[in-house]
Amino acid sequence: MTDHVGIDDIALATTGLVVDLGVLAQAHSVDPDKFYVGIGQSEMSIAGEDEDVVSLAAAAVQTIADRTDISGVRTLLLATETGVDQSKAAGVFVHGVLGLPPNVRVVELKQACYAGTAALMMARSLVCSDPSEKVLVVAVDVAKYDVGSGGEPTQGAGAVAMLITADPSILRIEPKTGVHTDDVMDFWRPNHRTTALVDGKFSIEAYMRSLEGAWTDYRAHDGFAYDDFDHFCYHQPFTKMANKAHAHLVALNGGDADKAEIAELMGPTQTYNRRIGNTYTASIYVGLLSLLETVPADLAGHRVGMFSYGSGSVGEFWSGTVVPGYQLHLDPELTATVLDGRKAIDHEAYLHLHDFALPIDGTSMKIDERAARNGFRLAGVDADRRQYERFEPTSAVLG
Ligand code: CAA
């Protein structure tokens, strides 16, 4: 048994295409500052025809495999709310395309944007009980709302892969957590829909209620006090949500929310999310990576408070401390290359991809259009069987 468990490696993947929110604002005759400033998003990653949660997840895991020994991994937990099959776990396709050995258990987890955290907590427990275990956790999603809806500027796509081990190199996960579940209809996606349904303003209220419930439970279970934290990182459906959430946490702890101070504290956790958009399950971990990779100061020993929210709803507040030397295990230049290497598309191309769908009548389709740049793509579907392939990543992604 050990409780010295946490994130040993963490890597991001996103799509090969991007839309500037100014393009969307112009198409809808909206002031671009509503998006750039009001909701705090500048771009959104868009999945090409040949990209989905499997291709994104595989690319994120491959980045880890390229620099860290993943032999001995016995569990792969993939969290998503945009799974590709009602039965087969997306992680099994990832296992296949990566050529992982057979002695790995693979399962998919779902509870809106929260499931990545559930996976992380399960991974932690597995490693706590047997420190020789190594677990791969992947949080991955393609966030899609109806064209013209309030959620449209908050779309995005991406994956974060994390290797969970004993004696981790990046973040030690602390044992105390606070949880909160509330059966609400703030955001959901019935099986027959490819786009999410959302009650926008109510979803913000539900998020706040969940934060309050999870924080109260965390404190009731001997969690650290507000002043014990150096940073806070929140689920970010749009980056401004983190500012709203943190103002609420400050108020809950009897403080006065100064907007400029909150913006400064949240800023480093928002740099990547602002450019990628909502990645549902991955969003909070994109925020964590952004904090670790973009702050020039040494964060060793700093405590980070994490609030994970999944509509419907489940929330969890947990914490981690940054491990000395963590910088040696990160690659901010690679992340910058992944973001800068995306191809900007216009509104027409975006609309085409928004409408694109694989056949649902069992006919086969070969996908010739190449958007993926990160080494993995969906090559088509053959009699309802998805076909994935590996290719040499483009030099923009290799760095
Ligand atoms: N310049 C600067 N700011 C401007 C502006 C301008 N020209 N025009 C508007 N704004 C500001 C507004 O004042 C507002 O700021 P505040 O929130 O601080 O008041 C902000 O921009 C947004 O404007 P509106 O509230 O008018 O925007 P909206 O009604 O179109 O929708 C939204 C906002 C409800 C968040 C919508 O984008 C949405 O439904 N998003 C999807 C749902 C969502 O993300 N919910 C979050 C909680 S649920 C969750 O977290 C799970 C998940 O991942 C989905």
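Residues numbered from 1 in each chain as written. Predicted model: local features only at pLDDT ≥ 70, side-chain atom pairs only at ≥ 80, totals over all residues. Heavy atoms only, no water.

Help me get a handle on a negative patch on the surface, residues and values and all.
Together, Asp256, Asp258, Glu261 and Glu264 make up a negatively charged patch on the protein surface. For Glu264, the position within the fold is in helix 8 (residues 259–276). (Patch = residues over 30% accessible without salt bridge, like charges linked within 9 Å, V, L, I, M, F, W, Y side chains within 5 Å. Areas by Shrake-Rupley, 256 points an atom, 1.4 Å probe, with all protein chains shown as cover. Salt bridge = Lys/Arg side-chain N within 4 Å of Asp/Glu carboxyl O. Lys, Arg positive; Asp, Glu negative; His and termini not counted. Charge placed at Lys NZ, Arg CZ, Asp CG, Glu CD. Helix = DSSP H or I, 4+ residues; strand = E, 2+ residues; numbered from the N terminus.)

Tell me about helix 5 (residues 115–129), residues and numbers included.
When the terminal C-alpha atoms of helix 5 are compared, their 21 Å separation across 15 residues agrees well with the 21 Å that a helix rising 1.5 Å per residue should span. Here helix 5 has its buried residues at Ala115, Gly116, Thr117, Ala118, Ala119, Leu120, Met121, Ala123, Arg124, Val127 and Cys128. (Expected span 1.5 Å × (residues − 1). Buried < 20%, exposed > 50% of the residue type's maximum accessible area, 1.4 Å probe, protein only.)

Tell me about the sheet that holds strand 3 (residues 43–46), and name the residues and values.
Read across the sheet, three strands follow the order 3-2-14 without closing on themselves; strand pairing throughout is mixed. The outermost strands of the open sheet, each flanked by one partner alone, are strand 3 and strand 14 (343–344). Bridge count between strand 2 (residues 17–20) and strand 14: two bridges; the pairing is parallel. Bridged to Val18 within strand 14 is Ala344. Running at roughly 60° to strand 3, helix 8 makes contact with strand 2 and strand 3 of the sheet. (Pairing = 2+ DSSP bridges. Contact = heavy atoms within 4.5 Å. Axes fitted to C-alpha atoms, helices over the stretch in contact; angles between N-to-C directions.)

How would you sum up the sheet that holds strand 17 (residues 385–390)? Please name residues and give values.
In space, the three strands of this open sheet follow the order 15-16-17, with antiparallel pairing throughout. The open sheet has two edge strands, strand 15 (365–366) and strand 17, and neither has a second partner. Contacts from helix 3 (residues 53–67) reach strand 16 (376–382) and strand 17 within the one sheet, and its direction differs from that of strand 16 by about 150°. Packing against the sheet, helix 4 (residues 90–98) makes contact with strand 16 and strand 17, and its axis sits at approximately 40° to strand 17.

Account for the site of the ligand, naming residues and giving values.
Taken together, the neighbourhood of the ligand is formed by 24 residues, with Lys34, Gly150, Lys201, Ser203 and Lys244 sitting nearest. A distance of 2.8 Å separates a nitrogen atom of the ligand from a polar side-chain atom of Ser203. Between the ligand and Lys244, the relevant distance is 2.5 Å, taken from an oxygen atom to a side-chain nitrogen or oxygen of the residue. Burial of the ligand by the protein amounts to 72% of the accessible area it has alone, namely 1,100 Å². (Near = heavy atom within 4 Å. Polar contact = N/O pair within 3.5 Å; in protein donor to acceptor, adjacent residues only side chain to side chain.)

Quick one: what's the story with the pattern of salt bridges, residue by residue and with numbers?
Taken as a whole and judged by the stated rule, the model has 13 salt bridges. Residue Asp146 is joined to Arg193 by a salt bridge in which the shortest nitrogen-to-oxygen separation is 3.0 Å. Of the two residues, Asp146 sits in the loop between strand 6 (134–143) and strand 7 (156–166) while Arg193 sits in the loop between strand 9 (187–188) and strand 10 (197–198), which places them 47 residues apart along the sequence. With relative accessibility at 32%, the residue Asp146 sits in the partly exposed group.

Tell me about the packing of helix 8 against helix 10 (residues 332–340), residues and numbers included.
Packing of helix 8 against helix 10 brings their axes to within 11 Å, and their N-to-C directions diverge by 20°. Put simply, helix 8 runs roughly parallel to helix 10. Remark: the crossing between helix 8 and helix 10 carries left-handed chirality. Along the contact surface, helix 8 presents Tyr272, Arg275 and Ile276, while helix 10 presents Pro332, Thr335, Leu339 and Asp340. Of the residues that constitute the contact of helix 8 with helix 10, the class distribution is four nonpolar, one polar and two charged. (Parallel < 35°, antiparallel > 145°, perpendicular 65-115°, else oblique. Left-handed = near helix turned anticlockwise from the far one by under 90°. Nonpolar A, V, L, I, M, F, W, Y, C, P; charged D, E, K, R; others polar.)

Explain helix 2 (residues 32–39) residue by residue, including any values.
Among the residues of helix 2, the N-terminal cap falls to Asp31, whose side-chain oxygen and the backbone nitrogen of Asp33 are separated by 2.9 Å. Looking one or two residues beyond helix 2, the residue adopting positive phi is Gly40, at roughly 75°.

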